[in-house]
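Each chain, letter by letter, is given below.
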Amino acid sequence: MKPWAGRFEKEPEKKVEEFVASISFDERLYKEDIKGSIAWAQALARAKVISEEEARKITQGLEEIKKEIDKGKFPFDIADEDIHMAIERALIEKIGAVGGKLHTGRSRNDQVATDLRMYLKKEIKAVNGLLNNLCQTIIEVAEKNVDIIMPGYTHLQVAQPVLFSHYIMAYFWMFKRDFDRMVSCFKKMDFMPLGSAAFAGTTCPINREFLAKELGFNYISDNSVDAVSDRDFILHFLSQSSILMVHLSRLAEELIIWSTQEFSFVELDDAYTTGSSIMPQKKNPDVAELIRGKAGRIFGNLMAMLSTMKGLPLSYHRDMQEDKGGLFDTIDTLKACLDLMSGILSTMKINVEAMKRALEKSFVNATDAADYLVRKGVPFREAHKIVGEMVKHCSKFNLPLEKLDLEVWKRFSFHFEEDVLEYIKIKNCLNRRDSYGSTAPKRVEEQLKRAKAILKRQKEWLS
Ligand code: ARG
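1. With respect to the side chain of Thr273
Next up, step 1: By the secondary structure assignment, Thr273 is in the loop between β5 (266–267) and α11 (286–310).
Next up, step 2: Classification of Thr273 as buried rests on a relative accessible area of 12%.
Next up, step 3: Within the local environment of Thr273, its side chain forms a polar contact with the backbone oxygen of Asp269, the two atoms lying 3.1 Å apart.
Next up, step 4: A polar contact of 3.1 Å, which involves the side chain of Thr273, links it to the backbone oxygen of Asp270.
Next up, step 5: For Thr273, the residues in contact, after removing those within four places along its chain, are Leu268, Lys283, Asn284 and Pro285.

2. What about unusual backbone geometry?
Next up, step 1: The omega torsion of the bond from Leu314 to Ser315 falls at 0°, within 30 degrees of zero and hence cis.
Next up, step 2: Relative to the helices and strands, Ser315 resides in the loop between α11 and α12 (323–347).
Next up, step 3: Positive phi values are uncommon outside glycine, yet Lys48 reaches one of about 60°.
Next up, step 4: By relative accessible area, Lys48 is classed as exposed at 73%.
Next up, step 5: Positioned with a positive phi, Asn398 is a non-glycine residue whose angle comes to about 55°.
Next up, step 6: By the element assignment, Asn398 lies in the loop between α15 (380–397) and α16 (406–412).
Next up, step 7: For Asn398, a relative accessible area of 71% translates into the label exposed.

3. A look at the packing of aromatic side chains
Next up, step 1: Applying the stated rule across the entire model yields 16 aromatic pairs.
Next up, step 2: Ring centres 6.4 Å apart and planes at 45° place the aromatic pair Trp258 and Phe265 in the tilted group. One exposure class covers both Trp258 and Phe265, and it is buried.
Next up, step 3: Taken together, Tyr153, Phe164, Tyr167, Trp258, Phe263 and Phe265 form an aromatic cluster joined through their ring pairs.
Next up, step 4: Sitting over the face of the ring of Phe217, Lys121 holds its NZ or CZ atom 4.4 Å from the ring centroid.
Next up, step 5: Its guanidinium or amino end placed over the ring of Phe186, Lys125 lies 5.5 Å from that ring's centre, counting from NZ or CZ.

4. A closer look at the site of the ligand
Next up, step 1: Residues in close proximity to the ligand include Ser22, Asp82, His84, Arg108, Asn109, Val112, Tyr316, Arg318, Gln321 and Lys324, which together make up its full environment.
Next up, step 2: Within the side chain of Asn109, an N or O atom sits 3.0 Å from a nitrogen atom of the ligand.
Next up, step 3: Within the side chain of Tyr316, one N or O atom sits 2.4 Å away from an oxygen atom of the ligand.
Next up, step 4: Look at the ligand: alone it shows 340 Å² of surface, and the protein chains cover 87% of it.
Next up, step 5: Ranked by residues supplied to the shell around the ligand, first place goes to helix α6 (residues 108–144) with 3 residues.
Next up, step 6: Here the residues of the shell around the ligand sort into 2 nonpolar, 4 polar and 4 charged.

5. Observations concerning the pairing of strand β2 (residues 157–163)
Put simply, side chains in a regular strand alternate between the two faces of the sheet.
Next up, step 1: Strand direction decides the pairing type here: strand β1 (residues 149–154) and β2, joined by 6 bridges, are antiparallel. The partner of Ile149 across the bridge, within β2, is Leu163.
Next up, step 2: Linking two consecutive strands that pair antiparallel, namely β1 and β2, is a turn of 2 residues; a positive phi of about 55° is found at His155 within it.

What counts and how
Residues numbered from 1 in each chain as written. Predicted model: local features only at pLDDT ≥ 70, side-chain atom pairs only at ≥ 80, totals over all residues. Heavy atoms only, no water. Helix = DSSP H or I, 4+ residues; strand = E, 2+ residues; numbered from the N terminus. Buried < 20%, exposed > 50% of the residue type's maximum accessible area, 1.4 Å probe, protein only. Polar contact = N/O pair within 3.5 Å; in protein donor to acceptor, adjacent residues only side chain to side chain. Contact = heavy atoms within 4.5 Å. Phe/Tyr/Trp six-rings, centres within 6.5 Å; stacked < 30°, edge-to-face > 60°. Lys NZ or Arg CZ within 6 Å of the ring centre and 35° of its normal. Near = heavy atom within 4 Å. Areas by Shrake-Rupley, 256 points an atom, 1.4 Å probe, with all protein chains shown as cover. Nonpolar A, V, L, I, M, F, W, Y, C, P; charged D, E, K, R; others polar. Pairing = 2+ DSSP bridges.

Here it is in structure tokens:
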């Protein structure tokens, strides 16, 4: 019989039972649910709503149930509806009628709001642990290849030379911001809802501060209606996860392009690629492609939850049970993608020769040739036009700028002198990009130092 069966004359239809049940997916909240219930029993005992002895029995029963679930020996049953009622049913079966005292002054509404916050706080730590590993991997890859020069692109057209280490470190900063966003998301959900009961507040004189402390919350919620109605913390997490997936997807796309035969800037490790069932020569970047592809479902989970919430008046509605599927899927997907991306990066090989070849045939130093003229007093717009014409000339003869004789340079502008050839050497182009945060090797070195200090701070947050 259902715990709520009192006012009903018959049992729900089987298909109704199946439709409303969340046990198949919310069972993963069992640790939080049991921890919350043990703290609740203690709070009830402190408030003298139940005796110490009753609280002890309840606690012991719950601990046994936890062990059974840990071992996979707990009989989950769709008839229990959700994890909260499954555990309560098992508790009453185990310790008898006293188990029925646990739910005094509490509702599944504040219970699920508490479980979810506890669970998500734990998972954010896990996500950030993986983000931190990824940040560390990027620093390692950058340091290992610190001097390699590659052409940088805008519009996917060759633009200017850049250190590979500088380029890849751009992703470090994106993931660092993702880490920070997750920290802020963590802080915003750090409010303990228990004591809100169904929505209006509990009649039991429980100590909410005690409960918060027991359950690892820094604050208690200020409004019981808000506490049970709020799913902002899930929306917040799903939004931050979507931004994080944008970053992962862009990096994945980068690697997919770089590993084409046409680019060949990197070779992905066999362990992170797959073959074709028909074309024997193929080595496909499927893992990177799937990371890119899975961004779609993460955005979808956010859209689904936004749509679920937007029309709901306060307070709790069963619609909100729909928060879990997308949330759990996002957590699982995110964790897998983060872990795999670290694997791809730490095992890939960089093809220095291919980058060099691409640099040679692509006028990456054209901006610098114009800069040279600017230093001689030529207005930038004019310099831009002169070098543009030189590029047109070189393209006709399939020559890089540096292969032109000085005499030809001078034909385009008498300001060009012999030192221009030294000036436009790629190495010098890099060295001159020397403002804070630019690609000059010594700036990249500083950047790496700052990044390592951040890594340390991130680790501290995790511990
Ligand atoms: N399984 C429900 C959920 O996940 C728990 C809360 C149910 N509350 C209720 N009043 N029916 O949302």
